Amino acid sequence: MLIESYRDTVFEFVAHCAMKRQNVRTLSLVVCTFTYLLIGAAVFDSLESTTEAKRWDFLQAVKNNFVKKYNVTAEDFRVMEIVIIENKPHKAGPQWKFAGAFYFSTVVLAMIGYGHSTPVTIPGKAFCMGYAMVGIPLGLVMFQSIGERLNKFASVIIRRAKRASGARCTDATEMNLMLATGMLSSIIITTGAAVFSRYEGWSYFDSFYYCFVTLTTIGFGDYVALQNDQALTNKPGYVALSLVFILFGLAVVAASINLLVLRFMTMQAEDAKRDEQDAQNLAGNVQPVTFDDESTYNMHGKLLENNYTNENDETASLCSCTCMGGTRCLNHEQFVDPDFQPTDIIESTLCLKRASV
């Protein structure tokens, strides 16, 4: 009972240490994340705030000149402002015909959310919420499944390439798969940037920025494809290409995320296995007092070597007291021969049976 209680204490101690280590890791992640946010805020502040102030001053100067030149009241200017803002999406043509609605549905399911068009009716808003509640999990599962298939296909290609090159290890490691999906993601983004730069008239850097924001599902909405020259209705091929880019690109990104999640889960499993092994190692030092044909243990589970046996003696024994195996120990029974001492058994050539305790 004492040994079992000690084992339980050891396991509880190891579990407490494991929980403490996980808490420290979580706290470290929180601290690192907030530190990263603070660094990002400081960098964006230094890069964008000055330009923002200059643009605001310029727009205010243009507004004041316009109001002064045409003698426009503040109310009239506000009306014109609303009309211009609300008319901006309509410059791209109908947004809620089937092609535009399909594009919007894809953006919702992929959680990109450009904000270029939004439902304005109450039934449309209600349906959008229900559609998103079902569609987003469905899309996540689909992209995750496609990502797993892509990783499987990449692992087959990597193994064949290693086998053809004569490499000793032909297994596709996690690092190999991450490099493969990273290269594929880079190819998709660079190729997509060239396509959108041609069709949308953006610079290559702006197109690359749009592709990155789209495939990472950030979706700022400052750059949105299919919004010029009524492309949603007049360019079906370009619409199909844009949708394929979004869906396939997100699948590749999902493959990379799948590898990262798998790596994190592997780290968690390794930590749990290590904690369990530590608990077993600590608890392994507490063994009950048992005796077998080869060795014996003391109360702390330490192996005692029998240095007192003859090399031809395989049955000599040690008991739990200090008699060194004497069969007539005072702890067991009274000596028949008062001149016999326990230490005499060391020099004896008798073959004794193992003591049973």
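Residues numbered from 1 in each chain as written. Predicted model: local features only at pLDDT ≥ 70, side-chain atom pairs only at ≥ 80, totals over all residues. Heavy atoms only, no water.

## Remarks on the UniProt feature "transmembrane region" (unreviewed entry) in the protein chain
Definition in use: UniProt positions are given in the numbering used here, feature names are shortened, and annotations may be inferred rather than shown by experiment. To qualify as a helix, a DSSP run of H or I must reach at least 4 residues; to qualify as a strand, a run of E must reach at least 2; elements of each kind are numbered from the N terminus.
Cross-referencing UniProt, the feature "transmembrane region" (unreviewed entry) maps to residues 26-44, 96-114, 126-146, 177-196, 208-226 and 238-264 in the present numbering. Here residues 26-44 runs as 100% helix and 0% strand, with 27 Å between its end C-alpha atoms. Taken end to end, residues 177-196 has its terminal C-alpha atoms 28 Å apart, with 100% of it in helix and 0% in strand.

## As for helix α6 (residues 204-215)
How we decide: Take the residue count of a helix, subtract one, and multiply by 1.5 Å to get its expected span.
Under the 1.5 Å per step criterion, the end-to-end length of α6 is 16 Å for 12 residues, consistent within 8% with the ideal 16 Å. Where α6 ends, the next residue or the one after it, Thr217, has phi of about 60 degrees, a positive value.

## Thoughts on the nonpolar core
What counts here: Nonpolar core, defined: a set of buried Ala, Val, Leu, Ile, Met, Phe, Trp, Tyr and Cys residues in which side-chain atoms within 4.5 Å join the residues together. Burial status follows relative accessibility: with a 1.4 Å probe on protein chains alone, a residue under 20% of its type maximum counts as buried, one over 50% as exposed, and anything between as partly exposed. Contact criterion: two residues are considered in contact whenever any of their non-hydrogen atoms come within 4.5 Å of each other.
Core analysis: the biggest nonpolar cluster contains 29 residues, and Tyr103, Tyr114, Phe196, Tyr210 and Leu226 have the highest contact counts within it. Mapped by element, the contributors of at least two residues to this core are α3 (98-109), α5 (174-200), α6, α7 (231-234) and α8 (236-283). Here this core gets 9 residues from one element, more than from any other, and that element is α8. For Tyr103, the residues in contact, after removing those within four places along its chain, are Tyr114, His116, Tyr210, Val224, Ala225, Leu226, Gln227, Leu232, Leu243 and Ile246.

## Overview of the confidence of the model for the protein chain
Segments scoring low in pLDDT should not have their predicted coordinates read at a detailed level. Formally: Confidence scores here are pLDDT values: one per residue, from the predictor, ranging 0 to 100.
Looking at the protein chain as a whole, the pLDDT averages 79, with 72% of positions reaching at least 70. Of all secondary-structure elements in the protein chain, the lowest mean pLDDT belongs to strand β2 (residues 303-304), at 38, while α6 reaches the highest, 96. pLDDT under 50 marks residues 342-357. Its contacts with residues more than four places away, or in other chains, come to 29 contacts.

## Some thoughts on unusual backbone geometry
For Asp229, which is not glycine, the phi dihedral falls at a positive 55 degrees. You can see Asp229 is positioned in the loop between α6 and α7.

## Overview of a nonpolar patch on the surface
The line we're drawing: Patch membership needs two things, relative accessible area over 30% and no salt bridge, and members are linked within 9 Å if like-charged or within 5 Å if nonpolar (Val, Leu, Ile, Met, Phe, Trp, Tyr). Shrake-Rupley sampling with a 1.4 Å probe provides the accessible areas, and residues are treated as covered by the protein chains on show and by no other component. Salt bridge criterion: a side-chain nitrogen from Lys or Arg within 4 Å of a carboxyl oxygen from Asp or Glu.
Together, Tyr204, Phe208, Phe212, Ile218 and Phe220 make up an exposed nonpolar region whose accessible area comes to about 490 Å². Relative to the helices and strands, Phe212 resides in helix α6.

## A few points about the environment of Ile158
Note on placement: Ile158 falls in helix α4 (residues 122-165). Considering only alpha carbons, one finds Ile158 and Asp171, 13 residues apart in sequence, at a separation of 7.8 Å. For Ile158, the residues in contact, after removing those within four places along its chain, are Ala172, Asn176, Leu177 and Ala180.

## Quick look at the packing of aromatic side chains
Applied cut-off: Classification of ring pairs rests on two measures: the distance between centres of Phe, Tyr or Trp rings, Trp counted by its six-membered ring, which must be within 6.5 Å, and the angle between planes, read as stacked under 30 degrees, edge-to-face over 60 and tilted in between. Note on criteria: charge over ring means Lys NZ or Arg CZ within 6 Å of the ring centre, with the direction from the centre no more than 35 degrees off the ring normal.
The final tally for this structure, using the stated rule, is 13 aromatic pairs. Centre to centre, the rings of Phe66 and Tyr70 are 5.1 Å apart; their planes meet at 50 degrees, and the pair counts as tilted. On the criterion of helical spacing, the pair formed by Phe66 and Tyr70 is a turn pair, its members being 4 residues apart in helix α1 (residues 2-70). Ring centres of Trp202 and Tyr223 lie 5.3 Å apart, and the angle between their planes is 80 degrees; on these two criteria the pair is classed as edge-to-face. Of the two residues, Trp202 sits in the loop between α5 and α6 while Tyr223 sits in the loop between α6 and α7, which places them 21 residues apart along the sequence. Through a chain of ring-to-ring contacts, the aromatic side chains of Tyr114, Phe196, Tyr199, Trp202, Tyr209, Tyr210, Tyr223, Tyr238 and Phe245 assemble into a single cluster. Sitting over the face of the ring of Tyr199, Arg198 holds its NZ or CZ atom 5.7 Å from the ring centroid.

## Observations regarding α4
Rules: Bend, at a single residue, is the angle you get between axes fitted to the 7 residues ending at that residue and the 7 residues starting at it. Here a polar contact means two N or O atoms within 3.5 Å. Within protein one must be a hydrogen donor candidate and the other an acceptor candidate, and residues neighboring in sequence count only if both atoms are side-chain atoms.
With 44 residues, α4 should reach 64 Å at 1.5 Å per residue; the first-to-last C-alpha distance of 62 Å fits that figure. Where α4 bends most, at Ala132, the angle is about 30 degrees. Burial in α4 covers these residues: Cys128, Ala132, Gly135, Gly139, Phe143, Gly147, Asn151, Ala154, Ser155, Ile158 and Lys162. Sitting at the amino-terminal end of α4 is Thr121, which places a side-chain oxygen 3.1 Å from the backbone nitrogen of Gly124. Directly beyond the C-terminal end of α4, a positive phi value near 80 degrees is found at Gly166.

## Regarding the packing of α5 against α6
Convention followed: Here the axes come from fitting lines to C-alpha atoms, over the contacting stretch only for helices, and the angles between their N-to-C directions go from 0 to 180 degrees. Should an angle fall under 35 degrees it is taken as roughly parallel, and over 145 as roughly antiparallel, whereas 65 to 115 is taken as roughly perpendicular and any remaining angle as oblique. Each crossing gets its handedness from the near helix: less than a right angle anticlockwise from the far helix is left-handed, clockwise is right-handed.
Interhelical geometry of α5 versus α6 gives an angle of 125 degrees and a closest axis separation of 8 Å. The pairing of α5 with α6 is recorded here as oblique in orientation. Crossing angle aside, the handedness with which α5 passes α6 is right-handed. Where α5 abuts α6, its residues Ile188, Ile189, Thr190, Gly192, Ala193, Ala194, Phe196 and Ser197 lie against Tyr204, Ser207, Phe208, Tyr210, Cys211 and Leu215.

## Concerning the side chain of Ser117
For Ser117, the location among the structural elements is in the loop between α3 and α4. Side chain to side chain, Ser117 and His116 meet in a polar contact 3.4 Å long.

## Here's the deal with the pattern of salt bridges
On inspection of all chains with the given rule, the structure shows 1 salt bridge. Between Glu81 and Arg78 there is a salt bridge, with its nearest N and O atoms 3.0 Å apart. A residue pair is termed a helical-turn pair when its members lie 3 or 4 positions apart in one helix, as Glu81 and Arg78 do in helix α2 (residues 74-87) at 3 residues. Residue classification places Glu81 among the partly exposed residues on the basis of a relative accessible area of 32%. Exposure remark for Arg78: the relative accessible area of 46% places this residue in the partly exposed category.

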